[in-house]
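Chain and residue survey
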Amino acid sequence: FKLELHTDAVVAIFGYDGMTITTIRERTNCRMRLLGPCANPSLRAFEMSGAQDAVLAACGLILAEMQKSCATNPNVCTPAVDGPQYTVKMLVRGDACGCIIGKGGATINAMRQMSGANIKVESAEGNSYEQAVAAVSQGLEQPSDRVIAFVGLITSVHAAVIDVIPRITTFLKQARQKGFVGFGG
């Protein structure tokens, strides 16, 4: 999984001399690395891997650190009457988005209702499952990641993220079983 965050949030998550990120890694056993600069220089992506429980725990600690260190930072959250509204973006394989959206949008609507977060899967041209399968079978370039944006109170964003990760994990396991290992992100 990859989380795309504002650089101010990334600085907070790293902490002084990397102490915060080291603590998160040690407490969760989640492997985390900062990826190179994005097209937008004010954003950076963390790649997280490991057991599902480790990734879920790391996400929780990252969001807690964002809330603790960035609650008044306008680059990380927007003030609102009911509390600061955070935006967190998750980058996922383009072909995995269907398991988040669901038939007729039913799954994503249920997640929005349960979490209280606004969840949006950003559209991307050429990222359907069929196109991904065709790309792999023809040896073509793999489809790019798509963005799932979560906006809301930090507790709502956390609830939504911990609902999405197991769904993506299940999709990836099923894709591996079918032999679709290398495409996406």
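Residues numbered from 1 in each chain as written. Predicted model: local features only at pLDDT ≥ 70, side-chain atom pairs only at ≥ 80, totals over all residues. Heavy atoms only, no water.

In this section: the side chain of H6. You can see H6 is positioned in strand 1 (residues 2–6). In this structure H6 comes out as buried when scored by relative accessible area, which is 17%. In this structure, H6 is in contact with S42, L43, N75 and V76, ignoring residues within four places of it in sequence. (Helix = DSSP H or I, 4+ residues; strand = E, 2+ residues; numbered from the N terminus. Buried < 20%, exposed > 50% of the residue type's maximum accessible area, 1.4 Å probe, protein only. Contact = heavy atoms within 4.5 Å.)

Here the focus is helix 1 (residues 7–14). Within helix 1, burial applies to A9, V10, A12 and I13. What you see down the axis of helix 1 is that its buried residues fit within an arc of 160°, all on one side. Looking at the buried side of helix 1, the elements it contacts are strand 1, helix 2 (19–28), strand 2 (31–34), strand 3 (43–49) and helix 3 (52–70). Immediately beyond the C-terminal end of helix 1, within one or two residues, lies G15, with a positive phi of roughly 70°. (Arc of directions from axis to C-beta.)

Before going further, it helps to spend a moment on the pattern of salt bridges. The full count for this structure, using the stated rule, is five salt bridges. As a salt-bridge pair, D145 and K2 come within 2.8 Å of each other at their nearest N and O atoms. One end of the pair, D145, is in strand 7 (residues 145–152); the other, K2, is in strand 1, and 143 residues separate them in sequence. Judged by its relative accessible area of 22%, D145 falls in the partly exposed class. With a closest N to O distance of 3.7 Å, E65 and K68 form a salt bridge. One end of the pair is E65 and the other is K68, both in helix 3 and three residues apart, which spans about a single turn. Accessibility expressed as a relative area gives 12% for E65, which makes it buried. Judged by relative accessible area, K68 falls into the exposed class, the value being 67%. (Salt bridge = Lys/Arg side-chain N within 4 Å of Asp/Glu carboxyl O.)

Per the stated rule, a full pass over the model turns up one aromatic pair. Measuring from centroid to centroid gives 5.9 Å for F14 and F46, while their planes differ by 20°, and the two rings are stacked. Taken together, the residues span a long stretch of sequence, with F14 in helix 1 and F46 in strand 3 at a distance of 32 residues. According to the relative accessible area criterion, F14 is partly exposed, its value standing at 25%. (Phe/Tyr/Trp six-rings, centres within 6.5 Å; stacked < 30°, edge-to-face > 60°.)

In this section: the confidence of the model for the chain. When pLDDT drops low, the exact placement of atoms in the prediction is not to be read closely. Predicted confidence across the chain gives a mean pLDDT of 85, with 86% of residues reaching 70 or more. Confidence drops under a pLDDT of 50 for residues 126–132, and excluding neighbours within four residues, the segment shows 14 contacts in the predicted structure. (pLDDT = per-residue confidence, 0-100.)

The axes of two packed helices give the description: the angle between them and the distance between them. At their nearest, the axes of helix 5 (residues 106–115) and helix 7 (residues 154–177) sit 8 Å apart, and the two run at 145° to each other. Of the two possible hands of crossing, helix 5 and helix 7 adopt the one that is right-handed. Facing T107, M111 and S115 of helix 5, the residues of helix 7 in contact are S156, A159, A160, D163, V164 and R167. When grouped by side-chain class, the residues that make up the contact of helix 5 with helix 7 number four nonpolar, three polar and two charged. (Axes fitted to C-alpha atoms, helices over the stretch in contact; angles between N-to-C directions. Left-handed = near helix turned anticlockwise from the far one by under 90°. Nonpolar A, V, L, I, M, F, W, Y, C, P; charged D, E, K, R; others polar.)

What follows covers the packing of helix 1 against helix 2. Across the interface, helix 1 lies against helix 2 with an axial gap of 5 Å and an inter-helix angle of 70°. With respect to their mutual orientation, helix 1 and helix 2 come out roughly perpendicular. Here A12, I13 and F14 of helix 1 lie close against helix 2, whose contacting residues are M19, T20, I21 and I24. Its residues assigned to classes, the contact of helix 1 with helix 2 shows six nonpolar, one polar and no charged. (Parallel < 35°, antiparallel > 145°, perpendicular 65-115°, else oblique.)

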